[in-house]
Structure formats: C-alpha cells, structure tokens
Amino acid sequence: MRVGCPKEIKNHEYRVGLTPGSVREYVAHGHEVLVESGAGAGIGADDNAYRAAGATIARTAADVFAKSDMIVKVKEPQPNEWAQLRDGQILYAYLHLAPDPEQTKGLLASGVTAIAYETVTDDRGGLPLLAAGATALQKANGGRGVLLGGVPGVLPGKVTVLGGGVVGLHAARMAVGLGADVTIIDRSIPRLRQLDDLFTGRVHTRYSTVEALEEECFSADIVVGAVLIPGAAAPKLVTREMLSGMKKGSVLVDVAIDQGGCFETSHATTHAEPTYEVDGVIHYCVANMPGAVPVTSAHALNNATLHYGLQLADKGLKALVDDHHLRNGLNVHRGKITNRAVAEALGYELVEPKVVLAA
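This is a predicted model, so every value here is computed, not measured. (Residues numbered from 1 in each chain as written. Predicted model: local features only at pLDDT ≥ 70, side-chain atom pairs only at ≥ 80, totals over all residues. Heavy atoms only, no water.)

J.: Any chance you could explain the environment of Ala 233 here in plain terms?
T.: Position of Ala 233 relative to the elements: it lies in the loop between strand S10 (222-225) and strand S11 (251-254). Separated by 134 residues in the primary sequence, Ala 233 and Pro 99 place their C-alpha atoms 5.7 Å from one another. If we ignore the near neighbours within four places in the chain, the residues touching Ala 233 are Ala 98 and Gln 259. (Helix = DSSP H or I, 4+ residues; strand = E, 2+ residues; numbered from the N terminus. Contact = heavy atoms within 4.5 Å.)

J.: Teacher, can you tell me more about the packing of helix H1 (residues 20-28) against helix H10 (residues 294-315) here?
T.: Geometrically, a packed helix pair is captured by the angle between its two axes and the distance between the axes. The N-to-C vectors of H1 and H10 enclose an angle of 25 degrees; their axes lie 11 Å apart at closest approach. With respect to each other, H1 and H10 are oriented roughly parallel. As H1 packs across H10, the resulting crossing turns out to be right-handed. Between H1 and H10, the residues in contact are Ser 22, Glu 25 and Tyr 26 and Asn 302, Leu 306, Gly 309, Leu 310 and Ala 313, respectively. (Axes fitted to C-alpha atoms, helices over the stretch in contact; angles between N-to-C directions. Parallel < 35°, antiparallel > 145°, perpendicular 65-115°, else oblique. Left-handed = near helix turned anticlockwise from the far one by under 90°.)

J.: Whenever I open this one, H10 confuses me. Can you help?
T.: A turn of α-helix holds 3.6 residues, and therefore any two residues three or four places apart point the same way. When the terminal C-alpha atoms of H10 are compared, their 30 Å separation across 22 residues agrees well with the 32 Å that a helix rising 1.5 Å per residue should span. Along its length, H10 shows its largest kink, about 45 degrees, at Thr 305. Trailing H10 by a residue or two, Gly 316 shows a phi angle of about 65 degrees, which is positive. (Expected span 1.5 Å × (residues − 1). Bend = angle between axes of the 7 residues up to and from the residue.)

J.: For this particular structure, what's the right way to read the side chain of Asp 47?
T.: On the secondary structure map, Asp 47 appears in helix H2 (residues 47-53). Look at Asp 47: it is buried, it has no salt bridge, and the nearest opposite charge is Arg 51 at 4.7 Å. (Buried < 20%, exposed > 50% of the residue type's maximum accessible area, 1.4 Å probe, protein only. Lys, Arg positive; Asp, Glu negative; His and termini not counted. Salt bridge = Lys/Arg side-chain N within 4 Å of Asp/Glu carboxyl O.)

J.: Is there a simple way to explain the confidence of the model for the chain in this structure?
T.: In regions of low pLDDT, the predicted coordinates are not meant to be interpreted in detail. Per-residue confidence for the chain gives a mean pLDDT of 88, with 92% of residues at or over 70. Below pLDDT 50 for its whole length, residues 134-152 participates in 52 contacts with residues either more than four positions away or in separate chains. (pLDDT = per-residue confidence, 0-100.)

J.: Mind showing me how you'd approach the nonpolar core here?
T.: Nonpolar side chains in soluble globular proteins tend to end up buried together. In this structure, Tyr 26, Ile 115, Val 161, Val 182, Val 224 and Leu 312 are the most contacted members of the largest nonpolar core, which totals 64 residues. The dominant element in this core, judged by the number of residues it contributes, is H10, at 7 residues. Sequence-distant contacts of Leu 312, that is, excluding residues within four places in its chain, are made with Met 1, Met 70, Ile 90, Tyr 92, Ile 115, Ala 319, Leu 320 and Leu 326. Core analysis: the second largest hydrophobic core is formed by 22 residues, Leu 162, Ile 185, Met 242 and Cys 262 among them. (Core = buried A, V, L, I, M, F, W, Y, C linked by side-chain atoms within 4.5 Å.)

J.: Which parts of the structure should I look at to understand the state of the cysteines?
T.: Here a disulfide denotes a covalent bond joining the sulfur atom of one cysteine to the sulfur atom of another. Within this structure, the stated rule accounts for 0 disulfides. Counting only cysteine sulfurs, Cys 262 is the nearest neighbor of Cys 217, a cysteine outside any disulfide, at a range of 9.4 Å. The exposure class assigned to Cys 217 is buried, which follows from its relative accessible area of 0%. The structure places no disulfide on Cys 285, whose sulfur is separated from the nearest cysteine sulfur, that of Cys 262, by 9.0 Å. Given a relative accessible area of 0%, Cys 285 falls into the buried group. (Disulfide = S-S within 2.5 Å.)

J.: Explain the side chain of Asn 302 to me, please; I cannot follow it from the model alone.
T.: The topology assignment puts Asn 302 in helix H10. The contacts of Asn 302, once residues within four sequence positions are left out, are Val 16, Gly 17, Leu 18, Thr 19 and Ser 22.

J.: Help me understand unusual backbone geometry, please; the structure alone is not making it clear to me.
T.: Glycine aside, residues mostly have negative phi, and peptide bonds are mostly found in the trans state. In the Ramachandran plot, His 12 falls in the positive-phi region, its phi being about 60 degrees despite a non-glycine side chain. Inspection of the secondary structure puts His 12 in the loop between strand S1 (2-5) and H1. In this structure, Arg 334 is a non-glycine residue whose phi angle is positive, near 45 degrees. Take Arg 334: it is sitting in the loop between strand S14 (330-333) and strand S15 (336-337).

Below, the structure written as structure tokens:
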C-alpha cells in the first residue's frame, strides 16, 4: 500500500502524522511511504531524515493526496484537504466529527473510509489514541506554574476537574503534582471509587449533580472540562449563568473543545491567541493543545497509532473486520456514517460498520 503523510495545516499544529521512525516501520512491512516536503519541520525532522527512513518526498500536499491509498494525519482534514480525498481511500487521523457538520459532509461526499483516532478502543474499554494526547499535555507543562498550558501566572490553588476519564485523570495528576487542592466530578460511582483508590486520598471525588457542579466551580481557581464521550459532542456542564458565581480571574480550561467544548461559553482558540474573557472568567480553549509541544506529543501519538496504522496498511479494510477495537474507530465509510454518537449528534442514519464492510 502507498501511505501518505501531508504537512499539517491547522493553525499552530506542529506535529506530524508519521515520524521518521514510523516511516521505517511501514517500509519494513513492505509499504511505500510518501511524505510532503517539510512535514516534519515542527519536530525537527527534515526531508533527509525521512529519505533515510525510506520515504519518498512529495513536493506538494496535492501529490500526497492524489497518489496515496491511505492518508495518515494528526488533526482533522481542513476544507481544501477533504476536497482532495476520494472513494476507496483510507483516512486515519483525529476527526472529532460530532461538533463539525461541515467536515462530516465533506468526508461523506468524498467517499473516503475515515478512521478516527479518538474512537478506537482497547481491551480495557479505554481510548488509547486519545490517551496519547492527554499524556503529552501532562508532560508538556510540568513545573511551569500553569495547568495544561497557556494560562500564564496562575499557580493552581483549588482545581476542579469535570470528568474522571483518561483526560481528566491526567489533568488531576498534573494539578496534584503542582500542589493543588483537587476535586474530580464524575457520574460513574465505580469510576469515582477507582480514582479514590488511585490517588489514595490526595484528591476529593464527588458524584456529578447540579449542586456539586455549582459548589465546586464557584470555589475553584481553575476548572478543567474533561468530559469526553467517544465520538459524541461534549455536554455543556458549565452554563453562561454559572460564570457569575465563579471567582473573578478564575480559569476555565476546556480540554473537550475538539468535541465542541463542555462550557456553554467555549469557542475554539489557537496557540497564537489562546485565551479570552467572559464575565471576568478566563477561557483557555485551544483546539490542539498538544501541538504546543510537538516533539513530545508527535512521538507519543505515533507510538499509540502505529500498531493500528500498520494493520490498515497490511490488510486494508480487512483490518477493520478482524479487529473490533479498530472497527470502533470507523466513523465514515463510502458516504455512510458508521459511528452511533456521530449519527445521533448530527442527525444522520447510522449504518453499522459490519454492514458496510460486508457490502
């Protein structure tokens, strides 16, 4: 199979879908790899590093899209990218379709088979490719006196984390490491018990109710929105009205912004202008937070995605049939929505993956 890796074009996204090390693995499996010139510049990997790994360097992204059987990216394709996708091609990347109807339309129209990193699962019911990004967030910000980056001058006092999943866990670990008083809110009693055992009393846990949300958000210096439902739009847990009860100068960090955000007042920002203020509350809603530390996060992401990417290259669509965890990553296939959360969020008919793959 010919595997293509274009340069990321989303604002301030410096990661790359394939590192030179990943290219070597694809080549060792007998595949041809086509990398756009300059794709690895953000992680310090020049074209010669990719050539040494066995890649062919393409002059333009158009060459990569036109000549590749599978496209490996980091962030969701932008409009001029999804226009270049075609029927029978495989796209393997973060997609976050639920809050993005235009991208969804573009992928459906292209006929592409799109596998989303964020909905691939593992044997423990986790989201391993989403966890790769969360780990990079934690590593990126150690010792800087900020939580999850980009909010200068704020040493955490009281931190409230909404959501006790993978992303919330990493946020809580970061805050605990900075000496913060941390509370995690979640609606799963078994998960709260797990977190109690994991942190051995170093964090408080509370079951998610309206009262608990208000009490913890009103007393917090930083609120981290980390409620992520695989494939679905994030629920709006903090309303505009609630901001009036929060401390002036407190910070909302919306880690769920790629899925539409879990604060009513959230809108996506970039690393160039990461924050804005609403009713005296600072909002940090960068849609590609790990992009600020591209070397660490690109390698972490490649380590997580490589195994499944090689399956796709080796077997094609049969890989989706053989591995139900990888099949859970299938969001779009030849004009059909194959992920329940995306279908429900955007009003499309769901076609089960097994059905479309058997056609």
